[in-house]
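Residue-level listing of the chains:
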Amino acid sequence: MNPKPRRADDVSETLPPRLDPHEIEARLYRRWSDAGYFHVDAEAVTEAGRDSYVIMIPPPNVTSVLHMGHGLNNTIQDVLIRWRRMQGQAALWVPGTDHAGIATQNVVERQLREEGKSRQDLGRDDFEARVRDFAEETRGTILEQLKVIGCSCDWDRTYFTLDPGLSRAVREVFVRLYEKGLVYRGEYIINWCPRCLTALSNEEAETEEASGRLWHLRYPLAASAQGAAERAARAGAEAIGQLEDGRWYLTVSTTRPETMLGDTAVAVNPGDERYGKLVGADVELPLTGRTIPIVADDFVDPEFGSGMVKVTPAHDPNDFEIGQRAGLDVIDVMTQDARINENAPEAFRGMDRFEARKAVVAAFEAGGLLAGIDDHAHAVPKCYRCHTVVEPRLSEQWFVKMTPLAQPALEASRSGRVTFTPERWKKVYEHWMENIRDWCISRQLWWGHRIPVWYCDRCDETIVSRVDPTVCSACGSGDLRQDPDVLDTWFSSWLVPFSSFGWPEETEDLRAFYPGNTLTTAPEILFFWVARMIMAGYEFMGDTPFTQVYLHGTVRDSVGRKMSKSLGNGIDPLEAADLFGADALRFTLLSAAAVGTDIYLDPDDLEASFAPGRNFANKVWNAGRFALMSLGDEPVPALEEVAADLEVEDRWILSRFNHTAAAVTKELERFRLHEVSEQLYHYVWGDFADWYLELVKPRMRGYSGDASRQAARATLVVALDGICRLLHPLMPFVTTALWDKLPWPAGVDRPAELMIAQWPTDRPEADDEAAERAIGEAQELVTQIRSLRKEYGVPEGKGVTVELTSVGELLAGVLEVRGEALGRLARVDAFVLDGGHAGVGASAVLRSGTEVFLPLEGLIDLDRERERLSEEIGRLEGQMKSVKSKLENEKFVERAPADVVQRERDKADTYGEQLEKLRVKRDALESH
RNA sequence: GGGGGCUUAGCUCAGUUGGUUUAGAGCGCCUGCCUUACAAGCAGGAGGUCACUGGUUCGAAUCCAGUAGCCCCCACCA
């Protein structure tokens, strides 16, 4: 009658008990790639009429191979893309890499230095070639890394920001903005890195808090101003004083004393009554022999310091502006590598700025002109690439006027056209947009897009051109010189949402894929990249490049430091994928990626760091493996065919699936990937593996008859198929490997590949509230019995009889049809309803009010158990006594350290609780 | 100086817009199990006055105010 339990040996032989990621991952990736599933044509949208879903990868820098931050970033994008693809959209993920001007140039220059060479030794062309080689190699590695973690990018569209197409777009944009008056050239104070020898944008100068000093310097007033100074001092101007030689001086303060060598004025606030009379007076600038005026300027805060400010137009942006307003001289006293130059007194020439600082202070001190030094915490700007202290420097650079560009981009956020997740970034974005400053785009580097500007040596004409000019457009001369500088690397990446689709041509791709949808990145580049892309989108395409900005957290090490190559605390995604598999890596990152929170991984303990993902991947594998083995290769019926034979657990798992699918879909829409992974974890591990598979085991072996077995088989196939689909975006490899082996009912269409199988949609008919409540009660019953068994020391293997009273209808129903299966899970031989509760036993009450009684007589040696309990109670009482006596000892309590006393008190509490529990148990045994 | 955020179990974090959550998860910890899918596992368990104070409410981890500590972003105070 009962068919023999069958084992599908063919499956069990090919499926090892431990998931071996190496065996499947590379093979499956190649299969997907070869089949062309990653590629999306414009026709899929324009002709087939499908909705497009487009993600632009944040192009990794070719500076170095990917780290775990990229792992997280790209895993998230792949989840979104795979999910949308399964939903039937034309899901396009455009990959690319960024030439990363300053960063890459630095790396190669460092290599050269180790060889004892400089870029000048090589010359511009050879140097560029060398960087190109380096970039090409890293680029290749990066793209391989993305493939290893499973990224389903459209590789046919891979771009590099220096490609001819993208370069053409860069040039077009520069010229257009120039023609519109939005690109201009000018001499301003910019952030200068004296090590990289280039200008930096404001965003590239990162401020770090530093505990510096504030030096107070005395500047003697000129002979002509002595009288005015004396009167001011008499009137209470505390910054005015008298030197030993009788001359009057004023006091200024500075954090950079060396800049005084380039001072051309002292400024006071025009409304400052203390110094009003001194405006126009002359000051003898120490060390230099120069005489400089006192000027009035609103910028000066009368409350700060002495209310008098030294003005160095060539070395401070504010001073530069004061100088402009007052028509002051500009004296640049530093070379480009921040040494004192020939404009300064000979004694200081050639000194590094920090040496010069010391020397200047020493000279002031020697001259009795040092009024004092205070500690002073302030923000020091540093180069974001080499951390050298940035020097404000006067130089001629190219800028983009940003205010006009910012307007539509700001409006996009305010109107909700562009949304931010987490929402708090919306305010940050808007605040920045509202206070946007012009963008310095020229860099004194060799690696990047050359600025398309030529200067005529004959007539001084400036030519900005889409094509390289050969003769001057003004005088016809051929003596043209191209601007030696290159553009900021972000000047190419802010265009990729359209330049990667062939802009400025009006391409089919642009029509199909612009605007895109979701931009996923770390908050660090919100201003560098995200905001600028939105601005460029509106300026050149008339629309935003994407409508959702999702900003995820940072990957940090176990002590909270950002993972970085320089700190050596990074984790190579390849290493993690190699050790645990790409699925495990992905799931670990996703399950830790609660919206907006950082992720902590320990580079010194990869096992522990990736355990969640690895364990879960293995669980999925084994649950699937077991299901496949027990299904065998015999034909499987469709669910509809066995509808009448479904057991309560079948209806339960299908209902649970429907709820899980709905929740997962909803959470994906909100980028709540942590919740997505948690939902799936509990469904797969908790519901499916721990309960459904266990309940269904006897049926799969045919113990409940063939109809029941076929119903279980059909349900199992549907459930496993659903799990593979829901889990696929997160863990594409293991799900595909299982799904490939899944038997399929005849007459039901089977998709060609899991990765393009349809995403589960809501099936309200699958919801079964009764089944969920019934199994819920059954689970509680089983758990309670297990707990009681354990607590009372019933031996593992021993079967028991359990008596139940006040059993509800639902539970009674389940017990009637599935009592045996439930009994197996709790090691219960028989459930007796409305039993007498006679004899010695343990009891519990379920939430529904059902009472559970577990008779213990004959099951455990009551005398021994009593004895054991007494012993344990005795032991605890002894320990309790010694603790109590300690605590009752006044001297101990008074003299022992507080934490030691507290520990004793905690002990007393713990023992007390334990004793209480043991006594209750003992009483339960004694009372019979 | 401005703006934003955080504080929940030993650690890292959830908690769906005040009420089925008796505040959850993973890792770690304790106890017992190699039960023929999985020891990367199974079963059971310990551990939290939800930073503090006050308020609103029938009801607060959740809303409001204040206090303390931590973090991030922006900023030209010499």
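Predicted model, so just to flag it, every value in this text is computed and none were measured.

(A) Expanded view of the packing of helix α18 (residues 573-580) against helix α19 (residues 582-592). Packing of α18 against α19 brings their axes to within 6 Å, and their N-to-C directions diverge by 115°. Of the residues in α19, those touching α18 at Pro573, Ala576, Ala577 and Phe580 are Ala582, Ala584 and Leu585. Its residues assigned to classes, the contact of α18 with α19 shows 7 nonpolar, no polar and no charged.

(B) Molecular detail of the nonpolar core. With 224 residues, the main nonpolar core has Met68, Phe174, Leu177, Met433, Phe491 and Phe688 as its most contacted residues. Looking at this core element by element, the count peaks at 13 residues for helix α22 (residues 673-700).

(C) The pairing of strand β5 (residues 183-193), seen in detail. Of the pairings in the sheet, the one linking β5 to strand β15 (residues 391-400) comprises 10 bridges and is antiparallel in character. Across the sheet, the residue bridging to valine 183 is valine 400, located in β15. Here 3 bridges tie β5 to strand β6 (residues 198-200), and the two strands are oriented antiparallel to one another. Looking across to β6, one finds that cysteine 193 is bridged to threonine 198. Between the antiparallel neighbours β5 and β6 lie 4 residues, among them leucine 197 with a positive phi of about 55°.

(D) Representation of helix α10 (residues 317-326) in the model. Residues Asp319, Phe320, Ile322 and Gly323 constitute the buried set of α10. Across the axial projection of α10, the buried residues extend over an arc of 165°, all falling on one side. In α10, those exposed residues whose orientation departs by more than 90 degrees from the buried face are Gln324 and Arg325. Summarising the contacts, the buried residues of α10 are in contact with β5, β12 (290-296), β13 (308-311) and β15. Residue aspartate 316 occupies the N-cap position of α10, its side-chain oxygen lying 2.8 Å from the main-chain nitrogen of asparagine 318. With its phi angle positive at about 65°, glycine 327 sits one or two positions after the end of α10.

(E) Examining the packing of aromatic side chains more closely. If you walk through the whole model with that rule in mind, you get 35 aromatic pairs. Consider the rings of phenylalanine 616 and tyrosine 681, whose centres lie 4.9 Å apart with planes at 35°: the pair is tilted. Of this pair, phenylalanine 616 sits in helix α20 (residues 606-631) while tyrosine 681 is found in helix α22, placing the two residues 65 residues apart along the sequence. Note on phenylalanine 616: relative accessible area 0%, which makes it buried. Owing to a relative accessible area of 28%, tyrosine 681 belongs among the partly exposed residues under this scheme. Aromatic pair phenylalanine 657 and tyrosine 683: ring centres 5.9 Å apart, planes at 55°, arrangement tilted. Placement of the pair is phenylalanine 657 in helix α21 (residues 648-669) and tyrosine 683 in helix α22, with a sequence separation of 26 residues. Judged by its relative accessible area of 1%, tyrosine 683 is buried. One aromatic cluster in this structure is built from Phe174, Tyr178, Trp398, Trp439, Phe491, Trp494, Phe498, Trp503, Tyr514 and Phe540. A cation sits over an aromatic face here: arginine 82 above tryptophan 32, 4.6 Å from the ring centre.

Conventions we followed
Residues numbered from 1 in each chain as written. Chains lettered and ligands numbered in written order. Predicted model: local features only at pLDDT ≥ 70, side-chain atom pairs only at ≥ 80, totals over all residues. Heavy atoms only, no water. Axes fitted to C-alpha atoms, helices over the stretch in contact; angles between N-to-C directions. Helix = DSSP H or I, 4+ residues; strand = E, 2+ residues; numbered from the N terminus. Contact = heavy atoms within 4.5 Å. Nonpolar A, V, L, I, M, F, W, Y, C, P; charged D, E, K, R; others polar. Core = buried A, V, L, I, M, F, W, Y, C linked by side-chain atoms within 4.5 Å. Buried < 20%, exposed > 50% of the residue type's maximum accessible area, 1.4 Å probe, protein only. Pairing = 2+ DSSP bridges. Arc of directions from axis to C-beta. Polar contact = N/O pair within 3.5 Å; in protein donor to acceptor, adjacent residues only side chain to side chain. Phe/Tyr/Trp six-rings, centres within 6.5 Å; stacked < 30°, edge-to-face > 60°. Lys NZ or Arg CZ within 6 Å of the ring centre and 35° of its normal.

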